[in-house]
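Reading the structure
Below, each chain spelled out in residue letters.
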Amino acid sequence: NSATLAVNLIGCFAWMFGGGGVTNFGLAIIWLLMFTPCSYVCWFRPIYKAFKSDSSFNFMQFFFVFMAQVGISIIQCIGIPGWGVCGWLATISFFSYNIFIALIMLIPTIMFTAVASLSCIALTRV
């Protein structure tokens, strides 16, 4: 997920130079800086503690946070313009302005789609 957010930062940087606005790039920085350490603190540590101590509270905390992450991944995959993510709506709408930059934006869009779908699969399998 952190790699996807880093690639999203590059995609939003290209989007900014293509005329997409500075807001998306600024929010992409916030997404990267906020969710990279939060993924460790909010779901990696609870699942580690849950397996280590066989704690149902830590399992519950992990699944609650992981479901929230799946919801956020789906929102990122959709890509509402102005939210700092290169999702499907933002990328498809930018193809009419600049095809090259839209192709750059397509890379994090596909990565967000993969993260959202694989997270949903992982959540339903467990």
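Cut-offs applied
- Residues numbered from 1 in each chain as written.
- Predicted model: local features only at pLDDT ≥ 70, side-chain atom pairs only at ≥ 80, totals over all residues.
- Heavy atoms only, no water.
- pLDDT = per-residue confidence, 0-100.
- Helix = DSSP H or I, 4+ residues; strand = E, 2+ residues; numbered from the N terminus.
- Axes fitted to C-alpha atoms, helices over the stretch in contact; angles between N-to-C directions.
- Parallel < 35°, antiparallel > 145°, perpendicular 65-115°, else oblique.
- Left-handed = near helix turned anticlockwise from the far one by under 90°.
- Contact = heavy atoms within 4.5 Å.
- Nonpolar A, V, L, I, M, F, W, Y, C, P; charged D, E, K, R; others polar.
- Core = buried A, V, L, I, M, F, W, Y, C linked by side-chain atoms within 4.5 Å.
- Buried < 20%, exposed > 50% of the residue type's maximum accessible area, 1.4 Å probe, protein only.

Focus on the confidence of the model for the chain
It should be kept in mind that the predicted coordinates are not to be read in detail where pLDDT is low. When pLDDT is averaged across the chain, the result is 89; 100% of the residues are at 70 or more. Within the chain, no element has a lower average pLDDT than helix α2 (residues 22-53), which sits at 87, and none a higher one than helix α5 (residues 99-125), at 93.

Considering the environment of Ala 114
You can see Ala 114 is positioned in helix α5. With 109 residues separating them in the primary sequence, Ala 114 and Leu 5 have C-alpha atoms 13 Å apart.

Brief notes about the packing of α2 against helix α3 (residues 56-78)
Relative orientation and spacing of two packed helices are given, respectively, by the angle between their axes and the distance between those axes. Packing of α2 against α3 brings their axes to within 8 Å, and their N-to-C directions diverge by 150°. Taken together, the axes of α2 and α3 lie roughly antiparallel to each other. Of the two elements, α2 crosses α3, and the hand of that crossing is left-handed. Taking contact as the criterion, the partners of Trp 31, Phe 35, Cys 42, Trp 43, Pro 46, Ile 47, Lys 49, Ala 50, Phe 51 and Ser 53 in α2 are, on α3, Asn 58, Phe 59, Gln 61, Phe 62, Val 65, Gln 69, Ile 72 and Gln 76. Of the residues contributing to the contact of α2 with α3, the split by class is twelve nonpolar, five polar and one charged.

Regarding the nonpolar core
Ranked by size, the top nonpolar core spans eleven residues in total: Cys 12, Ala 14, Trp 15, Met 16, Phe 25, Ala 28, Cys 86, Ala 90, Phe 94, Ile 101 and Met 105. Secondary-structure elements contributing two or more residues to this core are α1 (2-20), α2, α4 (88-94) and α5. If you tally residues by element for this core, the top one is α1, at four residues. Beyond its immediate chain neighbours, meaning those up to four positions away, Ala 28 contacts Asn 8, Leu 9, Cys 12 and Gly 84. If you look at the next biggest cluster of nonpolar residues, it comprises six residues, including Leu 5, Trp 31, Cys 77 and Ala 116.

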